[in-house]
Amino acid sequence: MRRRSSTLPVVDVFVVLVALFTGAPFPWAVVKGSHPHCKKLRENLGEIRPHSVTITEFGAVGDGVTLNTKAFQNAIFYLNSFSDKGGAKLFVPAGRWLTGSFHLISHLTLWLDEDAVILGSMNSDDWPVVDPLPSYGRGRELMGERHQSLIYGHNLTDVIITGHNGTIDGQGSIWWNWFRNKTLNYTRPHLVELMNSTGVLISNLTFLNSPFWTIHPVYCSHVSVQNLTILAPLNSPNTDGIDPDSSDNVCIEDCYISTGDDLISIKSGWDEYGISYGRPSRNILIRGITGKTQTSAGISIGSEMSGGVSEVHAENLQFFGSHTGIRIKTSPGRGGYVRNIYVSNMTLDGVYIAIRFTSHYGEHPDEFYDPSALPIVEQITFKDVIGDNIKTAGLLEGLEGGSFQNICLSNITLNVTSKSPWNCSSIHGYSYFVSPEICQPLKESISPEHYSDCYHLSDQKWFSSE
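Small disclaimer: the values here were computed from a predicted structure and weren't measured.

Visitor: Teacher, can you tell me more about the pairing of strand 26 (residues 392-397) here?
Guide: Across a regular strand the side chains alternate sides, sitting on one face of the sheet and then on the other. Across the six residues of strand 26, five count as buried, placing the element largely inside the fold. Examined bridge by bridge, strand 24 (residues 353-358) and strand 26 share four bridges and lie parallel to one another. Paired with Phe357 across the strands is Leu396, a residue of strand 26. Sheet topology places strand 26 next to strand 28 (residues 422-425); four bridges connect them, and they run parallel.

What follows is the structure, encoded as structure tokens:
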């Protein structure tokens, strides 16, 4: 689904529903052409498959009632015979296709036609229980195992999930109720999880009502996520939009996301398990994201960041009616690092906190974490940010004895309602042309001797504001 560029308006539910059910583009989204790096990722994937089958050939019934798990499994088993012959496409036509969890294979395109809806079963028995991720050491919510995602794959190459704006609906409400009532036996499933995979494209689809995180590439390389609409009720628990986790060379472009948690959250493992596994998230490009979250952030890093996060560029962002614009979440015991982060061209409207660092997020997997393992947060740059109706410009809390340094803010203009717009502690950095007036730890002006301290500003000309 292509989207027209526009300024950020006040959004009401009616407009969202019209766009969803008519197929019309969201009027506030931005498309400025794909970044060359992301375009190259997609060009390397085999979008044209020499073999194709339709899910109905394997007995599937699109009435929204018949369980089609076996049909999906059998179709993909059959298509595996073409994996060394150029790959294959599984076509899902218009209809409502109820299913439990199923596995993808390499060199596969899962294609959802217009008006095709894959529905997640509301019976937990249709979502198998699998081992926890090694970088987490346990289920994220409960000790022990976790439910497998609806669409799952591991050790894959060249996987495409796309279509003519078809829909994948996790029907997550029953999982949210089990979570709220504390009756879960295992950690909730994601909607899509690809693990240890390379060459992944997810595009031109709508994702609804994930039981837990919506799209979770973990231990993956060369991932492109483009032109998605991701929706869940604003009060749905932990329904993150897109969570790259211990993954590298990731592109996320031109998406509208409105969920009950972070719209995009970059992760890399949890405390001692993430430190031991030691796989960072790096080389991540985020562009053209619009969305809303009343409880969380437009983009967050962490809190599970123990394997490290670096080289993240986020630009052309619009967040409205949200709790936080950008947030970095860490805690003693996490270890790891967050460095070389560049956020630019961000527009905020009706956001409670524009920029937030949280250094005591808590939540540890068990009692064996090392509280002396302190995270390093350094070379974080925010440039060209504007905002209206902002409650607090920045709540930037570092760690005493920790390393939160070279935080750089340039050309920031926020219309703030709070009498104390900035609250900063245990951080150090620089600023240039920031309104309202920046907090003391960041007051030193960006000048030539600081070029190398301010990530991604070293090739630009800056002048003292004094």
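Visitor: Quick question: what am I supposed to make of the sheet that holds strand 13 (residues 192-195) here?
Guide: Reading across the sheet, the four strands line up as 5-10-13-15 and stay open at both edges, with parallel pairing between neighbours. Each edge of the open sheet carries a strand with a single partner, namely strand 5 (102-103) and strand 15 (215-218). Here strand 5 pairs with strand 10 (residues 151-154) via two bridges, running parallel. Along strand 10, the bridge assignment pairs His103 with Tyr152.

Visitor: Explain the state of the cysteines to me, please; I cannot follow it from the model alone.
Guide: Tallying each qualifying case throughout the model produces two disulfides. The partner cysteine of Cys408 in its disulfide is Cys454, sulfur to sulfur 2.1 Å. Where Cys408 bonds to Cys454 through sulfur, the torsion about that S-S bond is close to -75 degrees, and the disulfide is left-handed. With Cys408 in strand 27 (residues 403-416) and Cys454 in the segment after strand 29 (429-435), this pair connects stretches of sequence that are 46 residues apart. The two residues Cys408 and Cys454 agree in class, both being buried.

Visitor: Whenever I open this one, the pattern of salt bridges confuses me. Can you help?
Guide: As enumerated under the stated definition, the model contains 15 salt bridges in all. In this structure, Arg287 engages Glu253 in a salt bridge whose closest nitrogen and oxygen atoms are separated by 2.9 Å. Of this pair, Arg287 sits in strand 19 (residues 281-292) while Glu253 is found in strand 17 (residues 248-258), placing the two residues 34 residues apart along the sequence. Connected via shared salt-bridge partners are Arg140, Lys267, Glu304 and Glu363.

Visitor: Help me understand the packing of aromatic side chains in this model?
Guide: To describe a pair of aromatic rings, you give the distance between the ring centres and the angle between the ring planes. In the structure shown here, the tally under the stated rule is 10 aromatic pairs. Between the aromatic rings of Phe357 and Phe404, the centroid separation amounts to 6.4 Å while the plane-to-plane angle is 45 degrees, which identifies the pairing as tilted. Of this pair, Phe357 sits in strand 24 while Phe404 sits in strand 27, and the two are 47 residues apart along the sequence. By the burial criterion, Phe357 is buried, and Phe404 matches it.

What counts as what
- Residues numbered from 1 in each chain as written.
- Predicted model: local features only at pLDDT ≥ 70, side-chain atom pairs only at ≥ 80, totals over all residues.
- Heavy atoms only, no water.
- Buried < 20%, exposed > 50% of the residue type's maximum accessible area, 1.4 Å probe, protein only.
- Helix = DSSP H or I, 4+ residues; strand = E, 2+ residues; numbered from the N terminus.
- Pairing = 2+ DSSP bridges.
- Disulfide = S-S within 2.5 Å.
- Salt bridge = Lys/Arg side-chain N within 4 Å of Asp/Glu carboxyl O.
- Phe/Tyr/Trp six-rings, centres within 6.5 Å; stacked < 30°, edge-to-face > 60°.

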